[in-house]
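Coordinate analysis (summary)
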Amino acid sequence: MSKLRFFIALWVAKIAIVALKITRHNGTNFPGVVALKICPQFLKYIGKPERIIAVTGTNGKTTVSNMVIDALSQDGKNVVNNRMGSNINTGIATSLIQNCGVMGKCREDMGLFEIDERSARRVFPYMIPEYLIVTNLSRDSIMRNGHPEYISDILTKYIPQSTKLILNADDMICSTVAPENSRVYFGIERMPGDLTECNNLINDFQICPECHNKLKYEYVRYSHIGKAYCPICGFKAPLYDYAGHDVDLGNMTIGIRGKEADVRYRLLNDSVYNIYNVVSAVALFLEMGYSHRQVQKFFENMSIVGSRYDEMKVGSYTVCRMLAKEKNAFASSRVFDYIAASKGKKEIILMNCCQGDAVHWSENTCWMYDCDFEFLKDDNIENIIVCGPRVKDYRLRLLLAGVPDCKISYTDDEFDTPEKLKLTGNSYIYVLYGTDSIDLGLKVAEKVVKMIRKKGGEGK
């Protein structure tokens, strides 16, 4: 009976895919929703690639997954993936349905799947990755996971024992996941600007898990990311198997010292979290048996997907679109820190509130008070425009962070934000949006570009 339900689910889902194409609906995970509704054990029976790689973690998993897919495509591999769908069980089911025949046999030998951390319990019982990258584990939306240790416990319980882990050694919550599994660690050695004390509102790993005394850091980059140690009992972060070092942002390169060689790689972006993403992907490829030279070539022809970061030079201005996850204090803090540390005059359109919540329930704003809005009181930030249904909440949080009221502009309508720009010339204009508002962010950025061109691309 279970097998019969599987075939019914598969065929109905395939009909759903055809119907979605005819009606020109995206429906990224709808076929998977249908399949799992009919057959809850659908993932058990559907054919899967012989070799599976998975990526999970609070932040960076989409970027790393896209890097890996691009590299494997360069190597001539046809890879089943959920790049165009969701990263939960229904999205993965949809990608498998799209890549199998009418009897459920997978057409490809390799798969790369981005997996939401909480979906591990619904995916890993039916899918065994050969390798799993865990980018980091940090505080996310309080409505999704109240604390990263909660997510760590889920992963530890459900990751298959035969899966080899590629873990961030600079994240002590991440590096302790599934302690019985085979593993390698990646990290980045001391960089200019590293601190020895956390300057963020969030630090979720402050106490030694062995003796319960306060941890110290040889260096810390942000929150709990850095090289931690206990001065009392000697507990310390694991050693790197793949060590990023000598980051050169002028030439956009990084040295990565592996088990057999030390080679320089091209960086795709100068933000520290994207530097970590590169090191994690390199570690994976070297573990898979690729040579340093092969991996170097992958990165020579690679870029970060435009929905995550994009910039355009328009006259004397640079318009930057950046993803700053809504309800995620950790991710938004990293974006604010990056903007504050960048050179030049800046204006910011802040539109990363959660549109989905506005439809279904009232957005919980407590994340704003875990987020380091204090970075935005930088003297070079001339104007911050807040907009949308949470405009008053954002304005209040900026005022509490010490941003002068004269630097805050606001409007209810996101499409009115370009008119609030000061455009004083030779500045960077950042359009920040959340995962719910990627398309909206693109349209607003396009309007900013048109307005600058209309005014001649120069300052007033």
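Residues numbered from 1 in each chain as written. Predicted model: local features only at pLDDT ≥ 70, side-chain atom pairs only at ≥ 80, totals over all residues. Heavy atoms only, no water.

Considerations on the overall build of the protein chain
Test applied: Only DSSP runs of H or I covering at least 4 residues are called helices, and only runs of E covering at least 2 are called strands; the numbering of each starts at the N terminus. Every radius of gyration here is taken over C-alpha atoms, with the globule rule written as 2.2 Å times N^0.38, N being the number of residues. Relative accessibility under 20% of the residue-type maximum defines a buried residue, over 50% an exposed one, and the middle range a partly exposed one, all with a 1.4 Å probe and only protein chains included. Two residues form a contact once any of their heavy atoms are found within 4.5 Å. Calculation of accessible area relied on Shrake-Rupley with a 1.4 Å probe; when residues are assessed, cover is drawn exclusively from the protein chains displayed. Positive charges are assigned to Lys and Arg, negative charges to Asp and Glu, while His and the chain termini are left out of the count. Where a charge sits is defined by one atom per residue type, namely NZ (Lys), CZ (Arg), CG (Asp) or CD (Glu).
When you go through the protein chain residue by residue, the secondary structure sums to 13 helices and 17 strands. Taking 460 residues into account, the globule formula puts the C-alpha radius of gyration at 23 Å, and the protein chain, at 23 Å, falls close to it. Among the 460 residues that make up the protein chain, the fraction classed as buried is 58%. Considering only residue pairs separated by 6 or more positions, the protein chain has 70% of its internal contacts joining residues 24 or more positions apart. In the structure as shown, the protein chain presents an accessible area of about 19,900 Å², 51% of it carried by carbon and sulfur atoms. Taken as two groups, the 58 positive and 53 negative side-chain charges of the protein chain have centres that lie 5 Å from each other.

As for the sheet that holds strand β13 (residues 317-323)
Threshold: One bridge is not enough; two strands pair if DSSP finds at least two bridges between them. In this description, a line fitted to the C-alpha atoms serves as the axis of each element, helices being fitted only across the stretch in contact, and the angle between N-to-C directions of two axes falls anywhere from 0 to 180 degrees.
Pairing in this open sheet of six strands is mixed, and the strands run β12-β13-β17-β14-β15-β16 from one edge to the other. This sheet does not close on itself; its edge strands, each paired only once, are β12 (309-314) and β16 (408-411). On average, adjacent strands in this sheet sit at an angle of 15° to one another, irrespective of strand direction.

Considering the domain arrangement of the protein chain
Defined as follows: Boundaries between domains were set according to an automatic or database domain assignment. Put simply, buried area is the surface a 1.4 Å probe can reach on two separate parts but cannot reach once they are joined, added for both.
Domain boundaries assigned for the protein chain yield domain 1 (2-185 + 272-297) and domain 2 (309-454). Taken over C-alpha atoms, the centre of domain 1 sits 31 Å from the centre of domain 2. Counting residues at the interface gives 10 residues for domain 1, matched by 14 residues for domain 2. Buried surface at the junction of domain 1 and domain 2, summed over both partners, amounts to about 960 Å²; 56% is from carbon and sulfur atoms.

Thoughts on the UniProt feature "binding site: Zn(2+)" (unreviewed entry) in the protein chain
Threshold: UniProt positions are given in the numbering used here, feature names are shortened, and annotations may be inferred rather than shown by experiment.
Feature annotation in UniProt assigns "binding site: Zn(2+)" (unreviewed entry) to the following positions: Cys 208, Cys 211, Cys 230 and Cys 233. Across 26 residues in sequence, these annotated residues keep their C-alpha atoms within 8.6 Å of one another, forming a single compact spot. Relative to the assigned elements, Cys 230 resides in the loop between β8 (225-229) and β9 (242-248). Overall, the relative accessible area of 3% leaves Cys 230 in the buried class. Cys 230 has contacts with Cys 208, Cys 211, Leu 215 and Phe 235, leaving out every residue within four places of it along the chain. Taking the relative accessible area as the measure of exposure, Cys 233 reaches 38% and is therefore partly exposed. If near-sequence neighbours (up to four positions away) are discounted, Cys 233 is found in contact with Cys 208, Glu 210 and Cys 211.

What to know about the pairing of β16
Cut-off, in case you're wondering: When the strands point away from the viewer and the connection leading from the first strand across the helix to the second strand turns clockwise, the crossover is called right-handed.
Note: strand β15 (residues 381-387) against β16, four bridges, orientation parallel. Counted as the bridge partner of Val 386 is Tyr 410 from β16. Between β15 and its parallel partner β16, the chain crosses via helix α12 (residues 391-400), and the hand of that crossover is right-handed.

Structural notes on a nonpolar patch on the surface
Here is the rule: Each patch is built from residues that are more than 30% exposed by relative accessible area and take part in no salt bridge. Like charges join if they lie within 9 Å; nonpolar side chains (Val, Leu, Ile, Met, Phe, Trp, Tyr) join within 5 Å. A side-chain nitrogen of Lys or Arg and a carboxyl oxygen of Asp or Glu constitute a salt bridge if their distance falls within 4 Å.
Taken together, the side chains of Leu 4, Ile 8 and Val 12 make up a nonpolar region of the molecular surface, amounting to roughly 230 Å² of accessible area. When you line up the elements, Ile 8 lands in helix α1 (residues 2-22).

Focus on the layout of surface pockets
So the rule is basically this: Using a grid of 1 Å spacing that covers the protein atoms alone, one calls a set of points a cavity when a 1.4 Å probe fits there but cannot get out, and a pocket when the set is open and has protein on both sides within 12 Å along at least five of seven lines; lining residues are those with an atom within 4 Å of a point. Grid points are joined across faces, edges and corners, and a volume is the space filled by probe spheres set on the points. Charged residues are taken to be Asp, Glu, Lys and Arg, nonpolar residues to be Ala, Val, Leu, Ile, Met, Phe, Trp, Tyr, Cys and Pro, and polar residues to be all remaining types, Gly included.
Considering only enclosed or pocket space, the second largest pocket measures out at about 760 Å³ in volume. Along the wall of the second largest pocket there are 28 residues; nearest its centre are Leu 249, Asp 270, Val 272, Tyr 338 and Ala 341. Contributions of two or more residues to the lining of the second largest pocket are made by β7 (216-222), α8 (272-287), β12, α10 (329-341) and β17 (427-433). No other element matches α10, which puts four residues into the lining of the second largest pocket. Residue composition of the lining of the second largest pocket, by class: 16 nonpolar, five polar and seven charged. Residue-level mapping places the lining of the second largest pocket at the junction of two domains, with at least three residues from each of domain 1 (2-185 + 272-297) and domain 2 (309-454).

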